[in-house]
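Listed here are the chains, written in short residue letters.
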Amino acid sequence: MNKKIYKKELHELQIELVKFQKSVIANGKKVCLIFEGRDAAGKDGTIKRFCEHLSPREVRTVALGKPSTRDNEAWYFQRFVPHLPVSGEIVFFNRSWYNRAGVERVMGFCNEHEYENFIEEVGSFEHLLTHDGMHFFKYYIDISKKEQKERLEARKDDPLKQWKLSPIDQEAQKMWDDYSTARDTMFVKTDFVYAPWYIVHTNSKKRCRINAIKHFLSHVVYPGKDEEKLIYDPSIVFVFDPEYYKKELIAP
């Protein structure tokens, strides 16, 4: 995507995001977006472009670290509840409770009983959120194996991205197929009418960010909305459907 066009579109979309946030604050809305995806998929950068010009007092990004001993003794969702938005807030989860269906499942950080409990409870948990009137969106940032490899290699040589390197990153390529299986199972078991999964194709970071913002804004209501600027590419952002595997729009 041409850099000049990207910057122009991003600027226009960030103006739309500010309009939306003003509506959130004025009407006491609660907004929650969760971003999942493989390592190096681009979750950080996408969330950054969403938040860049929003009022920091009413927007938060949540990226929880390793659970504590106390967290492990509590109800699984308990550690996430305090971070959910209150009236007038927008909250972005950079990885969420779906860690249990992805990293924890693949790396053996949870047992089978814990995993099954999660799968059984997550639908009820998300139904409570949406039933309470929360605007709730689930995005999975999808990346190809080749593109992930290139981005992980680039991190090793970039002194500003050293903090992103972890032992789990080193296993990402080796366990690609295991992550694919866990992802696909997660889609099938946790794609709900009231909380569907949206897939964002991210081999182009710029197109990913632009289309993710367009998709989100096209699904919410706020004064002064410029619909023409929010037409997104349905081959880049789309609601989960098994048919997209056949169309090769979801990485194998």
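Described below are features of the structure shown in this document. (Residues numbered from 1 in each chain as written. Predicted model: local features only at pLDDT ≥ 70, side-chain atom pairs only at ≥ 80, totals over all residues. Heavy atoms only, no water.)

**A few points about the overall build of the protein**
When you go through the protein residue by residue, the secondary structure sums to 10 helices and 6 strands. A compact globule built from 252 residues should have a C-alpha radius of gyration of about 18 Å, and the protein, at 18 Å, falls within 12% of that. Projecting the C-alpha coordinates of the protein onto the three principal axes gives extents of approximately 50 × 40 × 40 Å. Expressed as a percentage of its 252 residues, the buried residues of the protein come to 48%. Across the protein, the fraction of contacts at a sequence separation of at least 24, relative to all contacts at a separation of at least 6, is 76%. Accessible surface, the protein: about 13,000 Å² in total, of which carbon and sulfur atoms supply 53%. Taken as two groups, the 41 positive and 38 negative side-chain charges of the protein have centres that lie 6 Å from each other. (Helix = DSSP H or I, 4+ residues; strand = E, 2+ residues; numbered from the N terminus. Rg over C-alpha atoms; globule rule 2.2 N^0.38 Å. Buried < 20%, exposed > 50% of the residue type's maximum accessible area, 1.4 Å probe, protein only. Contact = heavy atoms within 4.5 Å. Areas by Shrake-Rupley, 256 points an atom, 1.4 Å probe, with all protein chains shown as cover. Lys, Arg positive; Asp, Glu negative; His and termini not counted. Charge placed at Lys NZ, Arg CZ, Asp CG, Glu CD.)

**Structural notes on the packing of aromatic side chains**
This structure, assessed with the given rule, holds 31 aromatic pairs. Judged by centre distance (6.4 Å) and plane angle (25°), the rings of Phe-35 and Phe-92 are stacked. Of the two residues, Phe-35 is situated in strand 1 (residues 30-37) and Phe-92 in strand 3 (residues 89-94); the sequence distance between them amounts to 57 residues. On the accessibility criterion, Phe-92 (2% relative accessible area) is buried. The ring of Phe-80 carries the charged tip of Arg-79 above its face, separated from the ring centre by 5.5 Å. (Phe/Tyr/Trp six-rings, centres within 6.5 Å; stacked < 30°, edge-to-face > 60°. Lys NZ or Arg CZ within 6 Å of the ring centre and 35° of its normal.)

**Here we look at the pairing of strand 1**
Across the 8 residues that make up strand 1, a large majority, 8, are buried. By the alternation rule, side chains of strand 1 split into Lys-30, Cys-32, Ile-34 and Glu-36 and Val-31, Leu-33, Phe-35 and Gly-37, which are all buried. Relative to strand 3, strand 1 is paired through 6 bridges, and the arrangement is parallel. By the bridge assignment, Cys-32 is partnered in strand 3 with Val-91. Summarising the sheet, strand 1 and strand 4 (residues 135-142) pair through 7 bridges and their orientation is parallel. Residue pairing across strands places Glu-36 opposite Tyr-140, the latter belonging to strand 4. (Pairing = 2+ DSSP bridges.)

**Structural notes on the pairing of strand 5 (residues 197-201)**
The element strand 5 is largely enclosed, with a buried count of 4 among its 5 residues. Relative to strand 5, strand 4 runs parallel, the two being bridged by 5 bridges. Residue Ile-141 lies in a different strand from strand 5, and its bridge partner there is Val-200.

**Examining the sheet that holds strand 4**
As summarised here, the arrangement of the 6 strands in space is 2-3-1-4-5-6, forming an open sheet in which the pairing is mixed. Of all the strands in the sheet, just strand 2 (59-62) and strand 6 (237-239) have a single pairing partner and so form its edges. Neighbour to neighbour, the strand axes of the sheet diverge by 20° on average, direction disregarded. With respect to the sheet, helix 8 (residues 176-190) is in contact with strand 4 and strand 5, its orientation differing from that of strand 4 by roughly 155°. (Axes fitted to C-alpha atoms, helices over the stretch in contact; angles between N-to-C directions.)

**Considerations on helix 1 (residues 3-27)**
Helix length check: helix 1, at 25 residues, gives a terminal C-alpha distance of 36 Å against a target of 36 Å (1.5 Å per residue), a fit within 8%. Buried within helix 1 we find Tyr-6, Leu-10, Leu-13, Gln-14, Glu-16, Leu-17, Phe-20, Gln-21, Ser-23 and Val-24. Those residues of helix 1 that are buried lie in contact with strand 1, helix 2 (43-51), strand 2, strand 3 and helix 9 (205-218). The N-cap of helix 1, judged by a side-chain oxygen 2.9 Å from the amide nitrogen of Lys-4 a few residues on, is Asn-2. After helix 1 finishes, the residue Gly-28 shows a positive phi value of roughly 65°. (Expected span 1.5 Å × (residues − 1). Polar contact = N/O pair within 3.5 Å; in protein donor to acceptor, adjacent residues only side chain to side chain.)

**Looking at the nonpolar core**
Formed by 34 residues in total, the largest nonpolar core has its most connected members in Leu-33 and Phe-216. Looking at this core, the elements that each hand over two or more residues are helix 1, strand 1, helix 2, strand 3, strand 4, strand 5 and helix 9. (Core = buried A, V, L, I, M, F, W, Y, C linked by side-chain atoms within 4.5 Å.)

**Thoughts on the environment of Glu-36**
Inspection of the secondary structure puts Glu-36 in strand 1. A relative accessible area of 4% means that Glu-36 is categorised as buried. Setting aside chain neighbours within four positions, we find Glu-36 in contact with Lys-43, Arg-95, Ser-96, Tyr-98, Asn-99, Tyr-139, Tyr-140, Ile-141 and Trp-197.

**So, the side chain of His-215**
Assignment of secondary structure puts His-215 in helix 9. We classify His-215 as buried; its relative accessible area is 1%. Discounting chain neighbours no more than four positions away, the residues touching His-215 are Tyr-139, Tyr-198, Tyr-232 and Val-237.

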